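Examining the three-dimensional arrangement
Read off the chains here:
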Amino acid sequence: MIISPFIFAGGPWLSSKKSGFFQVQSTFPVGSYNQLFLEQNKTLGLNKNVLDYTFQAYLEYGITDNLNLITTLPYKYISTRNSEENIISPSILPDGELSGFGNYKLALKQRISNKNIKIAISAQTIFNTVSKDLDRGLITGYDANSIGLYLHAGKSFSNGTLYSFIEAGINTQTNKFSDYIELHYELGYQVKPSFWTVLTVDIRESLKGGSYLNENLRKTGFYTNNQEYFAYGIKVSYELKNKVGFTAATFGAFSGNYVAKVATFSLGVYKKW
């Protein structure tokens with residue numbers, strides 16, 4: 001599983017009625033990886049070289065001035081290849097590749113306060129729309145549905161050239177997957193009227209209450225149970241006068257559990273209206 005940068009939207013700010021934000025982006029690792037983060041600062045070496053590419057469409061639309069619809073649809077290509085130094089044995093999974101949709105997400109975000117500190121809440125549903133080949137340890141998303149509740153709070157500073165916000169939520173999952181907590185923090189600075197730089201921190205913490213276990217997925221790191229990460233990212237965006245913009249980002253992690261030990265890059269294009 002690759003830790004992907006957040007879309008260039010979000011926080012407690014909402015699109016006004018009938019306005020919106022649409023973005024497509026691709027996320028890819030710097031190369032194939034063969035190590036996973038484990039708890040307690042440990043590392044798991046894999047018998048495979050793994051690739052994980054994600055292409056994602058994101059839409060945020062104002063149903064009213066105070067209520068937004070948010071939807072995300074990822075499409076993934078993943079593959080594994082045996083390391084050259086490994087001798088093929090029954091304990092090593094067969095090579096393979098797989099493409100298909102990831103977990104489709106649908107959410108509603110409601111504004112609570114539009115005063116000095118902006119506050120919003122959201123509810124999201126994530127659907128099990130994934131493709132899988134478990135004999136090879138391949139899957140394009142979590143083999144579960146989930147429901148989550150989030151709180152969003154933030155503020156603009158320096159006449160709108162600086163902003164900061166935090167999002168936190170809890171998700172419950174089906175199919176014996178553990179529930180989990182997510183936290184996202186973002187600090188953005190407007191270098192020029194059309195150019196933004198952003199620092200992000202993302203945390204996912206499993207509540208470890210689920211019993212789902214698939215050893216093949218643990219051998220590849222693809223969407224197994226109890227995945228966690230403490231990650232960071234740097235994002236930039238440039239917007240044209242017609243409200244078409246371009247984005248770039250890079251992401252890494254301080255620690256994690258059953259997630260890839262590899263840096264990623266992301267490129268995207270968006271349109272506001």
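Please read all numbers here as calculations on a predicted model, not as lab measurements.

Definitions and cut-offs
Residues numbered from 1 in each chain as written. Predicted model: local features only at pLDDT ≥ 70, side-chain atom pairs only at ≥ 80, totals over all residues. Heavy atoms only, no water. Phe/Tyr/Trp six-rings, centres within 6.5 Å; stacked < 30°, edge-to-face > 60°. Helix = DSSP H or I, 4+ residues; strand = E, 2+ residues; numbered from the N terminus. Buried < 20%, exposed > 50% of the residue type's maximum accessible area, 1.4 Å probe, protein only. Lys NZ or Arg CZ within 6 Å of the ring centre and 35° of its normal. Salt bridge = Lys/Arg side-chain N within 4 Å of Asp/Glu carboxyl O. 1 Å grid on protein atoms, 1.4 Å probe; cavity = no way out; pocket = protein on both sides within 12 Å on 5 of 7 lines; lining within 4 Å. Points joined across faces, edges and corners; volume = space filled by probe spheres on them. Nonpolar A, V, L, I, M, F, W, Y, C, P; charged D, E, K, R; others polar.

1. With respect to the packing of aromatic side chains
Taken as a whole, this structure holds 15 aromatic pairs when the rule is applied. Arranged with centres 6.0 Å apart and planes meeting at 75°, the rings of Trp13 and Phe165 form a pair that is edge-to-face. Here Phe165 lies in strand β11 (residues 162-173) and Trp13 lies in the segment before β1 (20-29), a separation of 152 residues in the sequence. Using a relative accessible area of 28% as the deciding quantity, one classes Trp13 as partly exposed. Both rings, one in Phe177 and one in Tyr212, keep their centres 4.3 Å apart while their planes meet at 20°; by these two values the pair is stacked. Here Phe177 is found in the loop between β11 and β12 (180-192), whereas its partner Tyr212 is found in the loop between β13 (195-206) and α1 (215-218), with 35 residues between them in sequence. With respect to burial, Phe177 and Tyr212 carry one shared label: buried. The structure contains a cluster of three or more aromatic residues connected by ring pairs, namely Trp13, Tyr163, Phe165 and Trp196. Note that Arg204 overlies the ring of Tyr180, its terminal NZ or CZ placed 3.6 Å from the centroid.

2. Topic: the pattern of salt bridges
Scanning the entire structure with this criterion turns up nine salt bridges. By sharing partners, the salt bridges in this structure join Glu39, Lys208 and Glu228 into a single network.

3. Some points on the layout of surface pockets
In this model, the second largest pocket occupies a volume close to 160 Å³. For the second largest pocket, the lining is made up of twelve residues, of which Gly45, Leu46, Asn47, Arg218 and Lys219 are closest to its centre. Of all elements in the fold, only β3 (42-64) and α1 reach the threshold of two or more residues within the lining of the second largest pocket. Looking at which element gives the most residues to the lining of the second largest pocket, the answer is β3, with five residues. Residue composition of the lining of the second largest pocket, grouped by class: five nonpolar, three polar and four charged.

Purely geometric numbers; function is a separate question.
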